[in-house]
Amino acid sequence: MHQTSELYRQLLRDPGHRKEMRVSIAGTDYGQDALLSLETSGGVFKDPDIGCCASRQIDLSLRKPGSIPRSAEMKIFVRLAVGDQFSEWIPKGVFFISTRKLDKVSGVLDIHGFDAMRRAGEVWDIDPHANWPMSQQEAVASIARQMGVEVDHRTVLSNNFPVGYPVDENGDMAMQDVLEIIAVCNAGNWVITDEGKLLLLVLGDIPPETSYLVTEHGRAITLGGVRILVG
């Protein structure tokens, strides 16, 4: 959920406003002129379930993108515009390139990527000097470091169910396995926020419908089919 400026809210009320997108890939910005298409998918709470690690995916096409490193980080931003007035850029996700395909004739590069939750599928590389059982806070901090992300400050974890040594009948447990157990203990699901942080969303904390961007006529405003949350 994002806090927005008064200018943003002013432009939103204007029926003539438009959305503009920007993608930053490995530090290089690609604006509307380079973006042919952009769509995100995935998310959380599609069903009333708990104990999930929800990952998002992205598909985009760029016109003549130049040199882009493999597995590069991609940050997505959106803003509102009316005439020559522009709102602040709002972050809408951090992703990493998985596959890409270049059309040598048109110079168009098609990219498919995932957010950092994909890394949770790796085995948890635990500290050999760690003490067990471990608090949920300590376990999540360790997992987040291995995933290369920060834990969102809004994540609240229980002190009643410490984490046991992460090995089961199948051997070493993946970080996702541990996160899912912790999510069940807290009646929530894990997501990667638009800022690229690890956040536990508890069922009772789902933002109300009024926190979604809508038109003056109540129609949902989406980015690539994904509804946009604002403050």
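Residues numbered from 1 in each chain as written. Predicted model: local features only at pLDDT ≥ 70, side-chain atom pairs only at ≥ 80, totals over all residues. Heavy atoms only, no water.

Overview of the overall build of the protein
Then comes step 1: Per the secondary structure count, the protein includes three helices and 14 strands.
Then comes step 2: Counted over contacts in the protein with a minimum sequence separation of 6, partners at least 24 positions apart contribute 64%.
Then comes step 3: Taken as a whole, the protein presents about 12,500 Å² of accessible surface, with 50% of it coming from carbon and sulfur. (Helix = DSSP H or I, 4+ residues; strand = E, 2+ residues; numbered from the N terminus. Contact = heavy atoms within 4.5 Å. Areas by Shrake-Rupley, 256 points an atom, 1.4 Å probe, with all protein chains shown as cover.)

So, the nonpolar core
Then comes step 1: Met117, Trp124, Met147, Leu179, Ile182, Trp190 and Leu198 are the most contacted members of the largest nonpolar core, which totals 28 residues.
Then comes step 2: Contributions of two or more residues to this core are made by strand 7 (90-102), helix 2 (136-147), helix 3 (175-185), strand 11 (188-192) and strand 12 (198-202).
Then comes step 3: Other than its neighbours up to four places away in sequence, Ile182 contacts Gln136, Ala139, Val140, Leu157, Val163 and Trp190.
Then comes step 4: Core analysis: the second largest hydrophobic core is formed by 17 residues, Ile25, Ala72, Met74 and Ile76 among them. (Core = buried A, V, L, I, M, F, W, Y, C linked by side-chain atoms within 4.5 Å. Buried < 20%, exposed > 50% of the residue type's maximum accessible area, 1.4 Å probe, protein only.)

As for the pairing of strand 5 (residues 73-82)
Then comes step 1: Within strand 5, eight of the ten residues are buried, which leaves the element mostly enclosed by the surrounding structure.
Then comes step 2: Here strand 1 (residues 18-25) pairs with strand 5 via eight bridges, running antiparallel. Its bridge partner lying in strand 5, Ser24 is registered against Lys75.
Then comes step 3: The sheet contact formed by strand 5 and strand 7 spans five bridges and is antiparallel. Bridge pairing in strand 7 places Met74 opposite Phe95.
Then comes step 4: Of the strand pairs in this sheet, strand 5 and strand 6 (residues 85-86) are connected by two bridges, and their pairing is antiparallel. By the bridge assignment for strand 6, Ala81 is matched with Phe86. (Pairing = 2+ DSSP bridges.)

Looking at the pattern of salt bridges
Then comes step 1: Applying the stated criterion across every chain yields a total of ten salt bridges.
Then comes step 2: Glu20 is the partner of Arg79 in a salt bridge, and the nearest nitrogen-oxygen pair spans 3.0 Å. Highlighted residues: Arg79 in strand 5 and Glu20 in strand 1, separated in sequence by 59 residues.
Then comes step 3: We note a salt bridge from Glu150 to Lys197, for which the minimum N-O separation is 3.8 Å. Of this pair, Glu150 sits in the loop between helix 2 and strand 9 (167-168) while Lys197 sits in the loop between strand 11 and strand 12, and the two are 47 residues apart along the sequence.
Then comes step 4: Bridged by salt links that share partners, the residues Glu6, Arg9 and Arg13 form one connected network. (Salt bridge = Lys/Arg side-chain N within 4 Å of Asp/Glu carboxyl O.)

Quick notes on the side chain of Lys92
Then comes step 1: For Lys92, the position within the fold is in strand 7.
Then comes step 2: Owing to a relative accessible area of 6%, Lys92 belongs among the buried residues under this scheme.
Then comes step 3: Only 2.8 Å separates the side chain of Lys92 from the side chain of Asp194, close enough to count as a polar contact. (Polar contact = N/O pair within 3.5 Å; in protein donor to acceptor, adjacent residues only side chain to side chain.)

Notes on the environment of His112
Then comes step 1: Tracing the backbone shows His112 in strand 8 (residues 108-114).
Then comes step 2: Linking His112 and Leu60, residues 52 residues apart in sequence, is a C-alpha distance of 6.8 Å.
Then comes step 3: Polar side-chain contacts of His112 include one of 3.3 Å to the backbone oxygen of Ile58.

Overview of the environment of Ile143
Then comes step 1: Take Ile143: it is sitting in helix 2.
Then comes step 2: For Ile143 and Arg119, which are 24 residues apart along the polypeptide, the C-alpha to C-alpha distance reads 9.9 Å.
Then comes step 3: Setting aside residues up to four positions removed in sequence, Ile143 forms contacts with Trp124, Met175, Val178 and Leu179.

Some words on the packing of helix 2 against helix 3
Then comes step 1: At a minimum axis distance of 11 Å, the contact between helix 2 and helix 3 shows a crossing angle of 145 degrees. As for the relative orientation of helix 2 and helix 3, their crossing is left-handed in sense. Only Met175, Val178, Leu179, Ile182 and Cys185 of helix 3 make contact with helix 2, whose side of the interface consists of Gln136, Ala139, Val140, Ile143, Gln146 and Met147.
Then comes step 2: Within the contact of helix 2 with helix 3, the residues separate by chemical class into nine nonpolar, two polar and no charged. (Axes fitted to C-alpha atoms, helices over the stretch in contact; angles between N-to-C directions. Left-handed = near helix turned anticlockwise from the far one by under 90°. Nonpolar A, V, L, I, M, F, W, Y, C, P; charged D, E, K, R; others polar.)

Quick notes on the confidence of the model for the protein
Then comes step 1: With 85% of its residues at a pLDDT of at least 70, the protein reaches an overall mean of 88.
Then comes step 2: Confidence, read as mean pLDDT per element, is least for strand 14 (residues 226-227) in the protein (46) and greatest for helix 2 (98).
Then comes step 3: Within the model, pLDDT remains below 50 along residues 208-231, and this stretch shows 58 contacts once partners closer than five positions in the same chain are excluded. (pLDDT = per-residue confidence, 0-100.)

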